[in-house]
Structure formats: C-alpha cells, structure tokens
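# Analysis of the macromolecular model
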Amino acid sequence: MTGPHRASRALAHLGEIDPALAVLSLACRHRDGTGRTKTQGETILYGLGFEQLGLAEQVGLAAHHVLHVALQHSDRKAALAERLGERFDPSLFDLAADGIINETLQLADHALPRPAVMLTELLADIGDAAPSAIAAVSEWDADRLAMHLHADPQRAEKARDFGATRGFAQDLDLGEADSEGEPQKAADWRNHMLRALEAGRKAGTGIGRFGAILADLAPSTIPWEVELRGILAKALSDQPQTSHRRPAGRWIAMAADALDRGAPEPVFQPGQSRDASRPRVVVALDTSSSIDALTQSLFFAEVQGVARRTAAEVHLLAFDEEVFETRRIDGFGATLADLNLRTGGGTDFAPVFAASDRINPSILVMLTDLDAPCPAAPAYPVIWAVPGRAEVSVPYGRCLRVGG
C-alpha cells in the first residue's frame, strides 16, 4: 500500500473492525483510478465515485475488492476463460464471485453499497436455493458456480436477469491464466489468508469468525479436463516393446567381445522396438445419464485434443440399453453437434463393453452416471468419467469426477 489515495481512510477504519481483512489489504496494491472501482490482478483501482460513499460503505467496498485480490479472482477468471474459450461469459464469473464475497461480508456485518448481488438470492433465482447463507458459502466456490451457470443457457439467462435487477456491473479484470509463477503466487496467498483468518479468529470480529468455512478458499486446483488429458496422454504414449527380432545393444557388445577372445557366445538378449500399431481410444457416452451439454463438449474437446497430439484413433460409442451410434470422431472438425444422440431410457453396460472389445482399444473412457451393473474387467484400462461431486466406487479402473 503506497502513498495517500481515496481509500486511505476506509482502509484505516477496516483495520479497526476486521483484522483479517486488514492483514490481507497490506498485501494488495491500492491505486486511484478514473472509472468504476475495480480489481485488476493484485491491484485495486478506486474510482471517482468511491469518495461519494459513506464511510461504512467505503469500508465494505474496499473489503469486497480486498477479497477479490486475496481469492485470486482475476487469475481464476482468466483460467476459466481459457478452459471455455468462446463459450465463456465473463459476466457469469463476476456474478458468482461477487455473490460469494458479498454474502461473506454481510455475514461479517459489513455494510455494502446497495443494491448488491447476494449469493443466496442468486441461487434462489436460478432454482438452487440454499438453506442458509452459511450453507451457501460453504458449498459454492466461484469457479464451480460459474461453471454451473454456464452449463445451462436458461440458468445463465436467469442469472443475467437477476444481475440486471441488482444493478450489477463487472468489477473484475482478467488476470493471468497460466504464468510460470502461478503455483508460488497461489501458495503465497494461501499463507496470507491463513495468517489473516487466524488474526481475525483471535479478535473474534469480521470474517475471521467463520472465514475458514468458505468453499472459495480452496477451489479445485486441477480442472478435471487437465486430469483427463494427463491420463489419456500417459495411456496413449508410444512405449517401447520387447522384440526378439532385434538384439539388445548390450548383447551385441558382449558377443563381439566373446568373438575376439574366442569365448562362447553369450545367451541372446532381445532388444526393444516401437509399437507400430496406432493407439485407439474408445469413448462410450451414456446418453441416459445427467451430463450437461457444456461438460460433454469440454469432454470431447479434450479427448480430440489428446488424439491429435498422439495420432490416436477415437471411436465414439453412444449407448443406453444398446449401442445405437458408432462413429470415428478423431477427424478435425468433428463435434457433438454433428451427432444425432437420443436421450433418456435405461442403461446396460454389457453391449457397449462388447462393442469396445471388438475395437480392441488402448483405453476405454466411460462417460456415465454408473447407474447399471458393471461387467467383468476388460484386458485394457478403463476410465469411469462420472458427473457430480459425490464420492462413488468403481470395481476396477480409474474414477474421474467431471462437471458439477
């Protein structure tokens, strides 16, 4: 914090009423700005209208932006924009982040400029009402809520309409999606937050009284797409195979030495060769399961991206109680929109595993809700990509939580 600026008096008062936020504010950069008050990475720019607010509202608005910085919302917004590409709506992330922060500050008895976006009201408006404010901030982090809003066009439109009724305006600039110093910066801010919450807990005032329950303090650090990408890349990597047609280099040297010395030829040692066959991925899509269109789209984009990098074939098997669609989807430009997928009905895994066996894949990825008995384990590895967040068990293979 450098030099006199518009927020000096508010930040001094913040130190008297909320020790946790006061500690966090020391790690932020504070500058006077020309437009609306907003967060820009780790810098808070205080707009021309800031001084027109009463002191209590100035403190609340400064606290709002201190939390934006401390929770790294600018960088997390940029990371989500990178994940969703053209589907990304920055206003939906800002709505989610503002709702969580404002609900937190209201619980801590901070005043906020009105009207304000509140998490409990936003959730109620989109049809996901929480039993209490504490329950809401304990369950939702900004990334997960923003993805939830993006996943359904009608839900997204309801959220935008709700924001319009509350005079919502975006106050969060994009940060850096993936910089070299990102892990260290994230660790530094976690340490700042832990020290700040401890100071607030000891004082018994402000967000320190309950801040540790905030889901936004510990959002998912590895998006499921990145985890899927790593699993597939490892499974499809070109691994050397033992070949009795090619001698090992060590054996050649030993045989030459034995010939020079007139000694018996050593026992043959096979070498290694590259697998000439093209790797195959079978993607089995359970169309009876509750997987939203956005998650399906991200899922297939990741599978196709890995296929392009590894030159793998990708075979889609769409199924419910039977396999009703079989198609290669590793060609450039193939999307889910090209497919006529039926929905609903029951689920039976036996036909899709039989169809996968005939393809003989390097790996099978099952996008399903697991609502059917599992057949015996096949000879190849299986990833069970399951929607939602609840813990589930699978009889074999790897379970990956997607969406939700």
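The preceding data block contains the structure.
Residues numbered from 1 in each chain as written. Predicted model: local features only at pLDDT ≥ 70, side-chain atom pairs only at ≥ 80, totals over all residues. Heavy atoms only, no water.

## Regarding the overall build of the protein
Regarding its fold elements, the protein presents 14 helices and 11 strands. Every one of the 404 residues in the protein was classed for burial, and the buried ones make up 47%. Long-range contacts, defined as pairs at least 24 residues apart, comprise 67% of the intrachain contacts of the protein with a sequence gap of at least 6. Carbon together with sulfur atoms contributes 50% to the accessible area of the protein, which is approximately 19,400 Å² in total. (Helix = DSSP H or I, 4+ residues; strand = E, 2+ residues; numbered from the N terminus. Buried < 20%, exposed > 50% of the residue type's maximum accessible area, 1.4 Å probe, protein only. Contact = heavy atoms within 4.5 Å. Areas by Shrake-Rupley, 256 points an atom, 1.4 Å probe, with all protein chains shown as cover.)

## Some thoughts on the environment of Leu-55
Mapped onto the secondary structure, Leu-55 falls in helix H3 (residues 55-70). Under the relative-accessibility criterion, Leu-55 is labelled partly exposed at 27%. A C-alpha to C-alpha distance of 9.8 Å links Leu-55 and Ala-7, two positions 48 residues apart in sequence. Every residue in contact with Leu-55, bar those within four places of it in the chain, is listed here: Arg-9, Ala-10 and His-13.

## Examining helix H12 (residues 249-261)
In this model H12 runs 19 Å from its N-terminal to its C-terminal C-alpha over 13 residues, within 8% of the 18 Å that 1.5 Å per residue would give. If you check which residues of H12 are buried, you get Trp-251, Ala-255 and Ala-258. Summarising the axial view, the buried residues of H12 lie within an arc of 65°, below the 170-degree limit, and thus occupy one face. H12 presents Gly-249, Arg-250, Asp-260 and Arg-261 as exposed residues on the side facing more than 90 degrees away from its buried surface. Just beyond H12, the residue with positive phi is Gly-262, at close to 70°. (Expected span 1.5 Å × (residues − 1). Arc of directions from axis to C-beta.)

## A word on the environment of Pro-90
With respect to the secondary-structure elements, Pro-90 resides in helix H5 (residues 90-107). For Pro-90, a relative accessible area of 29% translates into the label partly exposed. In this structure the C-alpha to C-alpha distance between Pro-90 and Lys-77, which are 13 residues apart in sequence, comes to 7.5 Å. Excluding its chain neighbours within four sequence positions, the residues that come into contact with Pro-90 are Lys-77 and Gln-170.

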